[in-house]
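# Geometric and topological summary
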Amino acid sequence: MRRTRRSSSRLRIIPVLGLLATLLLPLGLTFAPRATAAPAADPVRVMPLGDSITGSPGCWRAVLWNRLLNSGYTDIDFVGTLPPQGCGQAHDGDNEGHGGELVTNVADQNLLPGRLAATHPDIVVMHYGTNDVWSSITPDRILAAYTKLVTQMRASNPDMRILVAQLIPLNPSSCTACAQRVVDFNARIPDWARATSTARSPITVVDQWTGFSTATDTYDGVHPNASGDDKVAARWFPALAAVLDAGVPQGPGNPGEPAACTARFRAVSSWQGGYQGEVTVTNTSASAVSAWTAMVVPANGARVGQVWNGTLSTAADGTATITNAAWNGALAPGASATFGFVATTPATAGAPAATVTCTAKSSAA
């Protein structure tokens, strides 16, 4: 991965100038030391995240990279655990576009945290879910996976800027229903983004669907050709440029930023139309934490309606965010806190299930 590093060598002139000043003082002369130059900032790290439309070779990334450079955005670094894959033009090809991957599998298997830890992005540019739509996975499940990934991004970097695409059209010869499924899924993304975005870590929705034709802009009804690459890059560019113009906080963070934690769900009891659940949050970091937040995404259309030992807020898509109570936020390394909740379920819902994630804030030093 190409990475511009902050210079660790500074011009060491102050001690020498101080010595000269001491020698010249008896002669009535003074010599004012010159300030050292401030170190240059690290480049902004941008992770292109998705499946084969983003990787293999994902040449819209090359088009976007060169458009950014030609527009004066030179202090950027595309990052990812995957290497460049051609495209016939010079560009920073590092990416996180894994061919054939389902975003629901990435969430269920917790694959993203390791990729984030290896690359430390400041911005994520995400086009994900095409394989899920192709596999008839419901929008609710895909959006629950989106939510989990966003939570993991913010655990990696609480100031993460996230650009999420409304997917390009999908019309493979083997799936006549895919075209409408993409339309249905894309219609859900803006409301999900509004409910999930925060002032500190905003989510920007980028419409990659409108004006894109599978007949003229793909070579197989799925993957962009050269024309498609130009269109995808043209849609990403203004959204990414706006984020870069606004300024992106960088650095590892200060005391009080997220520390490592895990969340575990279990069903305590169930009945027709509902169940009682319990979530245990554990501090898995080496230092104490002062507060925690858990996100609960109930499966099968369930909704969390009552919580104890925590404070509940619920998004439009049913995602429940629970923050610690006043008395159970502080956790020593290895310590846990548990909260309970009651969820209502449709009559046809199966066994109680939920996806749970958490973030925790380290205690101030």
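Here is a short report on the structure shown in this document. Values in this document were obtained by computation on a predicted structure and should not be read as measured data.

This part takes up the overall build of the protein chain. Counting its regular elements, the protein chain contains nine helices and 15 strands. A buried classification covers 46% of the 365 residues belonging to the protein chain. Across the protein chain, contacts joining residues at least 24 apart in sequence account for 75% of those joining residues at least 6 apart.

Counted according to the given criterion, the structure contains nine aromatic pairs. The interplanar angle of 70 degrees and the centroid separation of 5.3 Å between the aromatic rings of Y146 and W192 together place this pair among those described as edge-to-face. Highlighted residues: Y146 in helix α6 (residues 139-156) and W192 in helix α7 (residues 178-196), separated in sequence by 46 residues. For W192, a relative accessible area of 1% translates into the label buried. Each member of the aromatic cluster is reached from another via a ring pair, and the members are Y146, F185 and W192.

What follows deals with unusual backbone geometry. P57 follows S56 through a cis peptide bond whose omega is -10 degrees. Assignment of secondary structure puts P57 in the loop between β1 (44-50) and α2 (60-70). Unlike most non-glycine residues, N110 shows phi in positive territory, near 55 degrees. Topologically, N110 is positioned in the loop between α3 (103-108) and α4 (112-119). With a phi close to 65 degrees, N309 is a non-glycine residue in the positive phi region. Secondary-structure assignment places N309 in the loop between β11 (303-308) and β12 (310-314). By relative accessible area, N309 is classed as partly exposed at 30%.

Here we come to α7. With 19 residues, α7 extends 26 Å from end C-alpha to end C-alpha; this agrees with the ideal 27 Å at 1.5 Å per step. Of all the bends in α7, the largest measures some 25 degrees and sits at I189, one to four residues before the proline P190. Listed as buried for α7 are C178, V182, F185, N186, I189, W192, A193 and T196.

A few words on the packing of α2 against helix α9 (residues 226-246). Viewed as axis vectors pointing N to C, α2 and α9 meet at an angle of 45 degrees, and their least axial separation amounts to 8 Å. The orientation of α2 with respect to α9, classified from their angle, is oblique. Seen from above, α2 lies across α9 with right-handed handedness. In contact with W60, V63, L64, R67 and L68 of α2, α9 contributes D229, D230, V232, A233, A234, W236, F237, L240 and L244. Residue composition of the contact of α2 with α9, by class: eleven nonpolar, no polar and three charged.

Calculation notes
- Residues numbered from 1 in each chain as written.
- Predicted model: local features only at pLDDT ≥ 70, side-chain atom pairs only at ≥ 80, totals over all residues.
- Heavy atoms only, no water.
- Helix = DSSP H or I, 4+ residues; strand = E, 2+ residues; numbered from the N terminus.
- Buried < 20%, exposed > 50% of the residue type's maximum accessible area, 1.4 Å probe, protein only.
- Contact = heavy atoms within 4.5 Å.
- Phe/Tyr/Trp six-rings, centres within 6.5 Å; stacked < 30°, edge-to-face > 60°.
- Expected span 1.5 Å × (residues − 1).
- Bend = angle between axes of the 7 residues up to and from the residue.
- Axes fitted to C-alpha atoms, helices over the stretch in contact; angles between N-to-C directions.
- Parallel < 35°, antiparallel > 145°, perpendicular 65-115°, else oblique.
- Left-handed = near helix turned anticlockwise from the far one by under 90°.
- Nonpolar A, V, L, I, M, F, W, Y, C, P; charged D, E, K, R; others polar.

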